[in-house]
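So the chains spell out like this:
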Amino acid sequence: MKNILLIVLLSFFKFSCSQNKNEINKSEFSELRKFVDNSYNRESKTIKTYVVNPQNGKLFLSKTDDLLSEFNFEFENAFDILYKNKKIVYIQKTPVIQSGDSAIYYGYYFNNEGRLIGAEKSLSCFCGNNGEVLRYRLDYELNEGTDKLERVKEEYSDKNEKKITNLDLIKNTELIYLKETLDKITFRDIEGFMKAEKIKYYK
């Protein structure tokens, strides 16, 4: 009987600890998100934009707004990197789509230890003959209880960012096809991100 009681108490303690860690993580992610949003709204100079040379994996800092003309090699993505207290806390990956028919970005949030604690995927594209713009967004957060990055939000919206609840409106559109091509999140920290993107890792 004592052994059963001990097991129950230990299980309860473990559950309580994981719940507490999860709340701390949610709070940390919320504050980090505010920091990132504020940095972009202020057009902060702490956000640096890079491209990677696919031949050697080296990152090159962009010095102009014309990325396609600035570099003499072809690249597929631009990377915004935001620092806080000299540590990377956010990386935004933006694939270069020269046609301009669609736009995609991925945002990754890292804590002080470089661990991935949240992510977002955003896709927008022209659909139909009237130039209608549709958007698709996915949000993820780290669940400390399961130690997994879990989907917490999936949303469709129009060009005014008004949420679309009638999914019949987006059936048979380019958006449905494109959302299936979005990158999978296969890494859990900054070093894993660099390896996944074939970028020479640096600190």
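You'll find the structure just up there.
Conventions we followed
Residues numbered from 1 in each chain as written. Predicted model: local features only at pLDDT ≥ 70, side-chain atom pairs only at ≥ 80, totals over all residues. Heavy atoms only, no water. Buried < 20%, exposed > 50% of the residue type's maximum accessible area, 1.4 Å probe, protein only. Helix = DSSP H or I, 4+ residues; strand = E, 2+ residues; numbered from the N terminus. Pairing = 2+ DSSP bridges. Core = buried A, V, L, I, M, F, W, Y, C linked by side-chain atoms within 4.5 Å. Contact = heavy atoms within 4.5 Å. Polar contact = N/O pair within 3.5 Å; in protein donor to acceptor, adjacent residues only side chain to side chain. Axes fitted to C-alpha atoms, helices over the stretch in contact; angles between N-to-C directions. Phe/Tyr/Trp six-rings, centres within 6.5 Å; stacked < 30°, edge-to-face > 60°. Lys NZ or Arg CZ within 6 Å of the ring centre and 35° of its normal. Salt bridge = Lys/Arg side-chain N within 4 Å of Asp/Glu carboxyl O.

**Side note on the pairing of strand β3 (residues 77-84)**
Most of β3 is tucked away, with six of its eight residues classed as buried. Both strand β1 (residues 47-52) and β3 contribute to a ladder of five bridges, which runs antiparallel. Residue pairing in the sheet places T49 in a bridge with D80 of β3. Alignment of β3 against strand β4 (residues 87-95), held across eight bridges, turns out to be antiparallel. Paired with I81 across the two strands is I91, which belongs to β4. The hairpin turn running from β3 into β4, its antiparallel successor, is two residues long, and N85 in that turn takes a positive phi close to 55 degrees.

**Overview of unusual backbone geometry**
Unlike most non-glycine residues, D147 shows phi in positive territory, near 60 degrees. Following the sequence through the fold, D147 ends up in the loop between β7 (132-143) and β8 (148-158).

**Observations concerning the nonpolar core**
Within the largest apolar cluster, 42 residues are counted, with the highest numbers of intra-cluster contacts made by I91, Y108, L175, I185 and F193. Counting residues per element, this core draws most heavily on strand β6 (residues 116-127), which supplies six residues. Once you skip the residues sitting within four places of it in the chain, Y108 turns out to touch V89, Y90, I91, L116, G118, A119, I185, F187 and F193. With six residues, the next largest nonpolar core counts V51, L67, F73 and F75 among its residues.

**Section: the environment of E120**
Within the element layout of this structure, E120 appears in strand β6. For E120, a relative accessible area of 5% puts it in the buried group. Remark: the alpha-carbon pair of E120 and L138, spanning 18 residues in sequence, is separated by 5.5 Å. Setting aside residues no more than four positions away along its own chain, E120 makes contact with R33, Y90, Y105, Y106, G107, Y109, R137, L138 and D139. A distance of 2.9 Å separates the side chain of E120 from the side chain of R137, its partner in a polar contact.

**What about the sheet that holds β6?**
Spatial strand order, β2-β1-β3-β4-β5-β6-β7-β8: eight strands in an open sheet with antiparallel pairing. Two strands bound the open sheet, and with one partner strand each, they are β2 (59-61) and β8. Within this sheet the neighbouring strands show an average axis-to-axis angle of 20 degrees, counted without direction. Both β1 and β2 contribute to a ladder of three bridges, which runs antiparallel. Bridge pairing in β2 links V51 to F60.

**A few points about the packing of aromatic side chains**
Going through the model one piece at a time under the given rule, you end up with 13 aromatic pairs. Seen from their ring centres, F60 and F73 are 5.4 Å apart, and the 50 degrees between their planes marks the pair as tilted. Residue F60 is found in strand β2, and its partner F73 is found in the loop between α2 (67-70) and β3; the two are separated by 13 residues along the sequence. Since its relative accessible area comes to 16%, F73 is described here as buried. Look at F71 and F73: their rings are 5.6 Å apart centre to centre, the planes differ by 45 degrees, and that puts the pair in the tilted class. Of the two residues, F71 and F73, neither departs from the other in class, the shared state being buried. In this structure an aromatic cluster arises from ring pairing among F79, Y106, Y108, F187 and F193. Sitting over the ring of F35, K84 keeps its end group 4.8 Å from the ring centre.

**Some words on the pattern of salt bridges**
When the charged atoms of two side chains with opposite charge come close together, those side chains can pair. In the structure shown here, the tally under the stated rule is 14 salt bridges. The shortest N-O distance in the salt bridge between K93 and E197 comes to 3.0 Å. One end of the pair, K93, is in strand β4; the other, E197, is in the segment after α4 (190-196), with 104 residues separating them in the sequence. Looking at K93, the relative accessible area reads 5%, which means it is buried. Residue classification places E197 among the buried positions, given a relative accessible area of 18%.

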